[in-house]
Amino acid sequence: VITPMLLLSGVFFPLGQLPAAVQHAALALPLAHAVELIRPAMLGRPMADAPLHVAVLAAYAITSFLVCSALFSRRMMR
């Protein structure tokens, strides 16, 4: 899971170099949104769609927390 995410998320090369279908698939990965937030900050460029990227990362975090919480409570009830 980690290796394809690293290759498709734009860590090593920009997402713009990928085919359109792969670009859309890569935007479903959380690392792609983190890279889109960090790369402009590191290069001194203006950030585009920062609230969108933060919202997607927050949605991943909240969803993961809720799933883990439900699984933990279900396991504790056994």
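All figures in this text were calculated on a predicted structure; none of them were measured in a lab. (Residues numbered from 1 in each chain as written. Predicted model: local features only at pLDDT ≥ 70, side-chain atom pairs only at ≥ 80, totals over all residues. Heavy atoms only, no water.)

**Quick notes on the overall build of the protein chain**
A count of helices and strands for the protein chain gives four helices and zero strands. Listing every helix and strand of the protein chain by position from the N terminus yields α-α-α-α. Computed over C-alpha atoms, the radius of gyration of the protein chain comes to 16 Å, more than 25% over the 12 Å expected from 2.2 N^0.38 for 78 residues, which places it beyond the range of a compact globule. With respect to the principal axes defined by its C-alpha atoms, the protein chain has extents near 50 × 25 × 20 Å. Looking at the 78 residues of the protein chain, the share that counts as buried comes to 17%. Across the protein chain, every contact between residues at least 6 apart in sequence was considered, and the portion connecting residues at least 24 apart equals 31%. (Helix = DSSP H or I, 4+ residues; strand = E, 2+ residues; numbered from the N terminus. Rg over C-alpha atoms; globule rule 2.2 N^0.38 Å. Buried < 20%, exposed > 50% of the residue type's maximum accessible area, 1.4 Å probe, protein only. Contact = heavy atoms within 4.5 Å.)

**Focus: the side chain of His33**
On the secondary structure map, His33 appears in helix H3 (residues 30–43). His33 has contacts with Leu27, His53, Val56 and Leu57, leaving out every residue within four places of it along the chain.

**Topic: H3**
Spanning 14 residues, H3 covers 21 Å between terminal C-alpha atoms, matching the ideal 20 Å at 1.5 Å per step. What H3 keeps buried is the set Ala32, His33, Val35, Leu37 and Pro40. Tucked into the core, H3 has its buried residues touching helix H2 (20–26) and helix H4 (50–76). Once H3 ends, the next one or two residues include Gly44, with phi positive near 75 degrees. (Expected span 1.5 Å × (residues − 1).)

**Some details on the packing of H3 against H4**
In contact at an axis separation of 9 Å, H3 and H4 are set at 145 degrees when each is read in the N-to-C sense. Where H3 crosses over H4, the handedness of that crossing is left-handed. Of the residues in H4, those touching H3 at Pro30, His33, Ala34, Glu36 and Leu37 are Ala50, His53, Val54, Val56, Leu57 and Tyr60. Residues of the contact of H3 with H4, tallied by class, amount to eight nonpolar, two polar and one charged. (Axes fitted to C-alpha atoms, helices over the stretch in contact; angles between N-to-C directions. Left-handed = near helix turned anticlockwise from the far one by under 90°. Nonpolar A, V, L, I, M, F, W, Y, C, P; charged D, E, K, R; others polar.)

**Thoughts on the confidence of the model for the protein chain**
Model confidence for the protein chain is summarised by a mean pLDDT of 91, while 100% of its residues fall at 70 or above. H4 holds the highest mean pLDDT among the elements of the protein chain, 96, whereas helix H1 (residues 2–8) holds the lowest, 86. (pLDDT = per-residue confidence, 0-100.)

**Some remarks on unusual backbone geometry**
Residues other than glycine predominantly adopt negative phi, and peptide bonds predominantly adopt the trans conformation. For Asp49, which is not a glycine, the phi torsion comes out positive at approximately 60 degrees. Turning to its location among the elements, Asp49 is positioned in the loop between H3 and H4.

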